Amino acid sequence: MAAPSAAPQRIVIENAAIATVDAQDTEYASGYLVVAGNRIESLGAGKAPENLENVVRRIDATGHLITPGLVNTHHHFYQWITRGLATDHNLFNWLVALYPTWARIDEQMVRVAAQGSLAMMARGGVTTAMDHHYVFPQGSGDLSGAIIGAASEMGVRFTLARGSMDRSEKDGGLPPDFAVETTEGALAATEETVKKHHDASFDSMTQVAVAPCSPFSISTELLREGAALGRRLGVRMHTHGSETVEEEKFCHELFGMGPTDYFESTGFLGEDVWMAHCVHMNDSDIAAFARTKTGVAHCPSSNARLAAGIARVPDMLKAGVPVGLGVDGTASNESGELHTELRNALLINRLGAHRESALNARQALRLGTYGGAQVLGRADNIGSLEAGKLADFVLWKIDGLGHSSIADPVTAIVFGAAAPVTASFVNGKQIVENNRLLTVDEDTIARDARTEAQRLARIAAQA
Ligand SMILES: [Zn+2]
């Protein structure tokens, strides 16, 4: 006879300011949050209900703001071991400078780079990460397995966007010939990765998306067949789009239309698609995204680093386009943090046409939480603090030097310095305490990352 299932263990957190990021932007100046198992059971103003059973832990969160965990929607983990190179380049020159090095990565390098990228984000309040991995050199091992293993070891919720490239220099693309896969090979490997790793359940820790890299590194066939594959398998699709003026020119020359029209002509727009950057969008492009409910991963620091331009986030939000935030790869955003992107999204958008009304602190927090959950297709289970949703949340310390004199908690974490993370929970389990990861050893990862960065540089120099 099966044993009766144990009642869920409860964690009670009290005396915190809470920003729920629910549909009404409900906030509590002093409130409580009760976790039962891996779900949020209840939350509200004042003290937690009395007489709760099976409480295994009580946290007095005085001096803290609780928000939903941050959701990253665009990244390239492998770049962790090629940071600080080609620092004064635009996108195309930067890619051409780095592809030959990237094409030498192996499984051990990718594993360590994934650990570094994940650790940097997780200690700063990211609870759901994603990696768009598109460099699969022949004979380099099980790169997807290494990346997914790193995320699962760290305890972070994760989407792997299985990328691909099949348009090399000989076909008018940017990557060198030896850095790409065949069209058929890329599609077959992507399908295999989805079948092996994608979990569609409510509390899934691992999902997989179909993610051809960008118009200048993939064939039209790979884009079209990729969209068809994603829909056949019932998973999401991701790619880069409208990042720079050079890309727009490339699309007009090769396809006779701009990037958004090109994507739509291949089936690569839709509510199951999200796209990184979307900087150079005219009104009709934004209308196409709104009409098709295509999501956007806004990457303000990377766009600034590569001098790409300012995405029209206020116009996208006004049109109803789902928008999340992305770190982007750390070869174009060396900090590798997402919590600083809340501030950068707000500041950079205020340099655009809408000036001081572009974004406010609450909108910035929403981009980094609920907006991210929307574009990853997970808004039903993460992205806001609501009873029944998964227990992914962060306790930001706001009573220290950096924040204690800022008038309002949400303003403090968006406008102020990066706030210390006292605790971060994913799926009801604590993974960060006082800015240190509990699941992995940061110092070991730092050491290994330096070793692998040097090994890659050596191999690339000999090639
Ligand atoms: Zn990218």
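All values derive from a computational prediction rather than experimental measurement. (Residues numbered from 1 in each chain as written. Predicted model: local features only at pLDDT ≥ 70, side-chain atom pairs only at ≥ 80, totals over all residues. Heavy atoms only, no water.)

Caption draft 1: Local environment of the packing of helix 4 (residues 183-197) against helix 5 (residues 220-233). Relative orientation of the contacting elements helix 4 and helix 5 amounts to 20°, with a least axis distance of 11 Å. It follows that helix 4 is roughly parallel to helix 5 by the angle criterion. Crossing hand, helix 4 versus helix 5: right-handed. Packed against helix 4, whose contacting residues are Thr183, Glu184, Ala186, Leu187, Thr190, Glu191, Val194 and Lys195, the element helix 5 presents Glu221, Leu222, Glu225, Gly226, Leu229, Arg232 and Leu233 at the interface. Split by residue class, the contact of helix 4 with helix 5 holds six nonpolar, three polar and six charged. (Axes fitted to C-alpha atoms, helices over the stretch in contact; angles between N-to-C directions. Helix = DSSP H or I, 4+ residues; strand = E, 2+ residues; numbered from the N terminus. Parallel < 35°, antiparallel > 145°, perpendicular 65-115°, else oblique. Left-handed = near helix turned anticlockwise from the far one by under 90°. Contact = heavy atoms within 4.5 Å. Nonpolar A, V, L, I, M, F, W, Y, C, P; charged D, E, K, R; others polar.)

Caption draft 2: Seen up close, the domain arrangement of the chain. When cut into domains, the chain gives domain 1 (10-68 + 383-437) and domain 2 (70-375). Centre-to-centre separation of domain 1 and domain 2, based on C-alpha positions: 29 Å. In this assembly, 37 residues from domain 1 lie in contact with 29 residues from domain 2. Of the roughly 2,600 Å² buried where domain 1 meets domain 2, counting both sides, 63% is carbon and sulfur surface. The largest contributions to the domain 1 side of the interface with domain 2 come from Val414, Phe415 and Leu437, which together make up 21% of the buried area. Counting across the domain 1 and domain 2 interface gives four salt bridges. (Domains from an automatic or database assignment. Buried area = accessible area lost by both parts, 1.4 Å probe. Salt bridge = Lys/Arg side-chain N within 4 Å of Asp/Glu carboxyl O.)

Caption draft 3: A look at the coordination of the zinc ion. At 2.1 to 2.5 Å from the zinc ion lie its protein donor atoms, namely His74 (NE2), His76 (NE2), His240 (NE2) and Asp328 (OD). Taken together, the four donor atoms coordinating the zinc ion span angles of 88 to 177° at the metal, a pattern that classifies the geometry as irregular. Between consecutive donor residues of the zinc ion, the sequence gaps follow H-x1-H-x163-H-x87-D. Here His240, found in strand 10 (residues 237-241), pairs with Asp328, found in the loop between strand 13 (323-325) and helix 11 (339-350); they are 88 residues apart in sequence, far enough to count as distant. When sorted by exposure, His240 lands in the same class as Asp328, which is buried. (Donors = N, O, S within 2.8 Å, 3.2 Å for Na, K, Ca; no water. Tetrahedral: all angles 85-135°; square planar, octahedral: opposite > 155°, others 65-115°. Buried < 20%, exposed > 50% of the residue type's maximum accessible area, 1.4 Å probe, protein only.)

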